[in-house]
Amino acid sequence: MSWETAVERAINNNVPRVYKILREHPYILDLAKELREAKLKVLENLEYYVDKTLDSVKRAGGHGYLASSPEEAREIVEKIVGKGKTVVMGKSMVAYEAGIREFLIRQGNEVWETDLGEFLIQLANQPPSHIIAPAIHLTKEEVEKLLKQKIGGVHEGSTHEELVTMVRQFLREKFVKADVGITGANAVASDTGTIALIENEGNIRFSSISPTVHIAITGVDKIVPTLADATKEVLVQSAFAGLYPPTYVNFTSGPSSTADIEMKRISPAHGPKEFHLILLDNGRIKASKDPVLREALLCIRCGRCHLHCPVYRALGVKWGDPPFTGPMGAMWSYVVYNDPKPAMYCAHSGNCKEVCPMRINIPRVLEYIKWKGNRQKA
Ligand code: SF4
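Reading the values: the criteria
Residues numbered from 1 in each chain as written. Predicted model: local features only at pLDDT ≥ 70, side-chain atom pairs only at ≥ 80, totals over all residues. Heavy atoms only, no water. Pairing = 2+ DSSP bridges. Helix = DSSP H or I, 4+ residues; strand = E, 2+ residues; numbered from the N terminus. Axes fitted to C-alpha atoms, helices over the stretch in contact; angles between N-to-C directions. Contact = heavy atoms within 4.5 Å. Phe/Tyr/Trp six-rings, centres within 6.5 Å; stacked < 30°, edge-to-face > 60°. Buried < 20%, exposed > 50% of the residue type's maximum accessible area, 1.4 Å probe, protein only. Near = heavy atom within 4 Å. Nonpolar A, V, L, I, M, F, W, Y, C, P; charged D, E, K, R; others polar. Core = buried A, V, L, I, M, F, W, Y, C linked by side-chain atoms within 4.5 Å.

Caption draft 1: Fine view of the sheet that holds strand 7 (residues 213-219). Strand order in this open sheet of 6 strands is 1-10-7-4-2-3, and the pairing throughout is parallel. Because the sheet does not close on itself, it has two edges, and the strands there are strand 1 (63-67) and strand 3 (110-113). Strand-to-strand twist in this sheet, taken as the mean axis angle between neighbours without regard to direction, amounts to 20°. Across 5 bridges, the pairing between strand 1 and strand 10 (residues 274-280) is parallel. Residue pairing for strand 10: Tyr65 is matched across the bridge by Ile278. In this fold helix 9 (residues 160-177) packs onto strand 2 (86-89) and strand 3, with an angle of close to 125° to the strand it touches most, strand 3.

Caption draft 2: Geometry of the packing of aromatic side chains. Taken as a whole, this structure holds 9 aromatic pairs when the rule is applied. Measuring from ring centre to ring centre gives 5.2 Å for Trp112 and Phe170, while their planes differ by 80°; the resulting arrangement is edge-to-face. Of this pair, Trp112 sits in strand 3 while Phe170 sits in helix 9, placing them 58 residues apart in sequence. Here Trp112 falls in the buried class, since its relative accessible area comes to 16%. Relative accessible area serves as the criterion here: at 23%, Phe170 is assigned to the partly exposed category. Taking the centre distance of 4.6 Å and the plane angle of 20° together, the rings of Phe175 and Phe206 count as stacked. Within this pair, whereas Phe175 is found in helix 9, its partner Phe206 is found in helix 10 (residues 203-209), the two being separated by 31 residues in sequence. Assessed through its relative accessible area of 32%, Phe206 is described here as partly exposed.

Caption draft 3: Up close: the site of the ligand. Every residue lining the ligand is accounted for by Ile131, Cys299, Ile300, Arg301, Cys302, Gly303, Cys305, Met328, Cys356, Pro357, Ile360 and Ile362. Of the residues belonging to the shell around the ligand, the class tally is 10 nonpolar, 1 polar and 1 charged.

Caption draft 4: Molecular detail of the nonpolar core. Core analysis: the largest hydrophobic core is formed by 80 residues, its most contacted members being Met331, Trp332, Met358 and Ile360. Of the residues forming this core, the biggest block, 8 residues, is contributed by helix 1 (residues 3-24). Ignoring sequence-local partners within four residues, the contact set of Met331 consists of Ala296, Ile360, Ile362, Val365, Leu366 and Ile369.

Caption draft 5: Spatial organisation of the sheet that holds strand 6 (residues 194-199). The strand order across the open sheet built from 4 strands is 8-5-6-9, with neighbouring strands paired in mixed fashion. Looking at which strands have only one partner, the edges of the open sheet turn out to be strand 8 (223-224) and strand 9 (248-252). Direction of pairing for strand 5 (residues 187-189) relative to strand 8: parallel, over a ladder of 2 bridges. Within strand 8, the residue paired with Val188 across the bridge is Ile223. Helix 11 (residues 227-240) rests against strand 5, strand 6, strand 8 and strand 9 of the sheet, and its axis sits at about 15° to strand 6.

Right under this line is the structure:
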């Protein structure tokens, strides 16, 4: 079994599904155009929208932070979490970028990824190979072997359903005892301070509701002007990811509360007492001021460009700096790690540009990064 087998199975499962969704729900294409305009509006004035978003989070009863670097993000997380806690993590590429999981473990916390793919690569001690399916490189047979070694209870020839059930049983207790839940955010509404999260597993809902503290960590590029724009992002991202309609859409505006006794607002009710939003810059604000690199920041992480790219099909996880893989990863490796090397592998097939919902001219951005990389070397 190999990368070729795993990626071929993923392509056969996902690519026809996205085309079917777009045929059956053609309004998604109009929403994608509107979303591109809304995101461009933010990127043209990003610092203003960061301030506005942090104010809105505060008005909603939460705590907002701008972290200029992964180190700053870790410091903020450390102050909130402390030591000796149980932490459950919903899927967050930015948490990976900032090294949050390893950091919290080093600080003496018990930390569990709860998205199935992220959980598998945590057990395998491997980097993610795709932005929405991080364990895409593992075949079912390899998953079976891994679970048998690490958590037990799996027999040879287990079905897909049996493997998922084993993980569900293992993680259930972690959700219940967790002190802190850490998630990402698919979009952040600047006018209300609301974060939007899309998922099918239910792990993000558990991670953001069950513990008394919820930390959302995401990039400043996820800011959109309004809650209505965040809703558009939810619909467009899930459709282009092949997961439409999404099973769960979570909107969170501050900590949980109730006013059911004499209309007096008390926090918490059943959800978290604290809500923290950490917005990571790490090169994004600088990129937003460059008219070519700005395009990369429009990415909504649908993962479609990966499956249509011949270079990604050949190289897989070896292409890009984790968690940024594939064509989008070649752009983002430069934005956040200042690494132009992944862009050098682009063969300019142009498939990515044709299928990108944000109409990002990825080959042009990568050509520009190649040029910048060659100038850095000279
Ligand atoms: S670059 Fe476009 S196609 Fe690729 S993940 Fe981002 S939004 Fe999706």
